[in-house]
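# Summary of structural features
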Amino acid sequence: MEETPKGRSTLKAVQLPDDRELAAAERAERLQDEFGGELLRPADSGYEDARKLWNGMIDRRPALIARCRSAADVVSALAFARDREMLVAVKGGGHNVAGNAVCDGGLVIDLSLMKRVTVDAEARRARVEAGCLLQDMDRETQAHGLATPGGIVSTTGVAGLTLGGGFGWLSRSYGLSIDNLVSAEIVTADGRQLVVNESEHPELFWAIRGGGGNFGIVTSFEFRLHPIGTELLSGLVVRPLGQAREFMRFYREYVAAAPNELSAWLVIRRAPALPFLPAEAHGELVLITAFACLGEVAEAERLVAPLREHGLPYGEQVGLNPYTGWQSGFDGLNEAGARNYWKSHYLEELSDGFIDATLEAARRFPSPHCEIFIPHLQGAIASVPVEATAYAHRSAAFAMNVHTRWYEASEDSACIAWARELFENTRPFATGVYVNFLSDEGSQRVHDAYPERTWERLVAVKDAYDPENLFRLNQNIEPSG
């Protein structure tokens, strides 16, 4: 990897305000030599691509994008922004729906070039830099038959996913991503580079496990790995939506008794043109059961049999699949560039009232690209004490995430209104929200992601490490001052 790309832009051309101290100008001059990444201004080649995010609704133009290659680059870029009192956004994978990874007129500290993954197979540890996507981490860990829990879309950024909690197909067996985080390296608002873990800066380590990017810029993560092999029994069963109410009532009882090795999620949407579905099912409203099961194949097949045999499905695709292949199985339905708006709840149960409200809304999808995800949680997630991490919704049995997706700006109002109506109609059944699933919904909704005692503790950590709220382009936890 080149340390200094050809044609690199510099900060020299960025104009400082006339009333800024000379020290800031001197720092800008030094940064030209210190910075080992790419510095992109609006006129530079690569700027337009670098400012784009997964969510096509986000269209912001930063004054400068600092594409870092090292923690030292992060320190230098952050110091430059702090001296100039610039608005700072931090970009990892750029996949988060709220779009806080880019800002108008400020500085984007872009970590996407920091993609090194180092695996110690004997110790079952992986050090993962903050620009990695899940597919980068999975590729390296699976070379040794190892993995750590992540999400279900391989293009998701490891950093953003982890800082909010992180759950996926392995979480019922091995917990959240943060439950497997051994340590992290972080640059704080005052430019310090810290290693945080259970014994070093333990309160900061507690806060970054669920509190998002409020407390600094994490530049690398050290994860605990688990031996899962390279294949697992997984698949999809697709049913007509007319069978959904009966199946969802069966499903809630079935998963309540399921062992931790089995993870089963529901997806309500219009059927994609999958090769195992008859042509007449394409585009029809369907209920998809997606599942993955660890362990011996014969036992896994026995466990998933009830999910396959209930009712009269349109079709199924079930088998022993590579773990990396299954991790990317939903990528095609989550491509970058579409317009996205999400609404979400945690649920203690799938009540009849919730099922009816959800199915009624699904029959009025405003776009053929919309879907409602309902993952089953519990298992190892619930075995961790609530006070152990900032992620505190350990008892939630399910989550609902409304993926409202469309392509034309003219559809914005109708799609957003539909999502908000479904959100309100299912609010009586909710017990909170997962911070990673929040769109830009205001401060009270961020507060809803944390119980009061957790919130107060997070504010205390914010006071200690970022009292001026430099890191505020996120689901923000404001300092008390």
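Residues numbered from 1 in each chain as written. Predicted model: local features only at pLDDT ≥ 70, side-chain atom pairs only at ≥ 80, totals over all residues. Heavy atoms only, no water.

Before going further, it helps to examine the nonpolar core. Counting 100 residues, the largest nonpolar core has Ile109, Phe167, Leu204, Ile208 and Phe330 as the members making the most contacts within it. Considering every element that reaches this core, the biggest residue donor is helix α3 (residues 71-84), with six residues. When sequence neighbours within four positions are dropped, the list of residues in contact with Ile208 reads Thr162, Leu163, Leu181, Ala184, Ile186, Val196, Phe215 and Val218. (Core = buried A, V, L, I, M, F, W, Y, C linked by side-chain atoms within 4.5 Å. Buried < 20%, exposed > 50% of the residue type's maximum accessible area, 1.4 Å probe, protein only. Helix = DSSP H or I, 4+ residues; strand = E, 2+ residues; numbered from the N terminus. Contact = heavy atoms within 4.5 Å.)

Attention shifts here to the side chain of Asp466. Tracing the sequence through the fold places Asp466 in the segment after α14 (452-465). A polar atom in the side chain of Asp466 sits 2.9 Å from the backbone nitrogen of Phe471. (Polar contact = N/O pair within 3.5 Å; in protein donor to acceptor, adjacent residues only side chain to side chain.)

What follows is about the sheet that holds strand β9 (residues 193-196). In spatial order, the strands read β5-β6-β10-β8-β9; together these five strands make up an open sheet with antiparallel pairing. With partners counted over all chains shown, the strands left at the sheet margins are β5 (117-120) and β9, one partner each. Mean inter-strand twist for the sheet, computed between neighbouring axes without regard to direction, equals 15 degrees. Sheet topology note: the strand β8 (residues 181-187)/strand β10 (residues 217-224) ladder contains six bridges and is antiparallel. Note that in β10 the partner of Glu185 across the bridge is Ser220. (Pairing = 2+ DSSP bridges. Axes fitted to C-alpha atoms, helices over the stretch in contact; angles between N-to-C directions.)

Here Ile416 is to be found in helix α12 (residues 412-426). Counting along the chain gives 346 residues from Ile416 to Ser70, while the straight-line C-alpha distance between them is 39 Å. Ile416 has contacts with Met57, Tyr341 and Trp406, leaving out every residue within four places of it along the chain.

What follows is about the sheet that holds strand β4 (residues 107-110). Read from one edge to the other, the open sheet built from four strands follows the order β1-β2-β4-β3, with strand pairing classed as mixed. Of all the strands in the sheet, just β1 (38-40) and β3 (88-91) have a single pairing partner and so form its edges. Looking at each pair of strands side by side, their axes are set apart by 20 degrees on average, direction ignored. Relative to strand β2 (residues 64-67), β1 runs antiparallel, the two being bridged by three bridges. Paired with Leu39 across the two strands is Ala66, which belongs to β2. Docked against the sheet, α3 engages β2, β3 and β4, running at close to 170 degrees with respect to β4.

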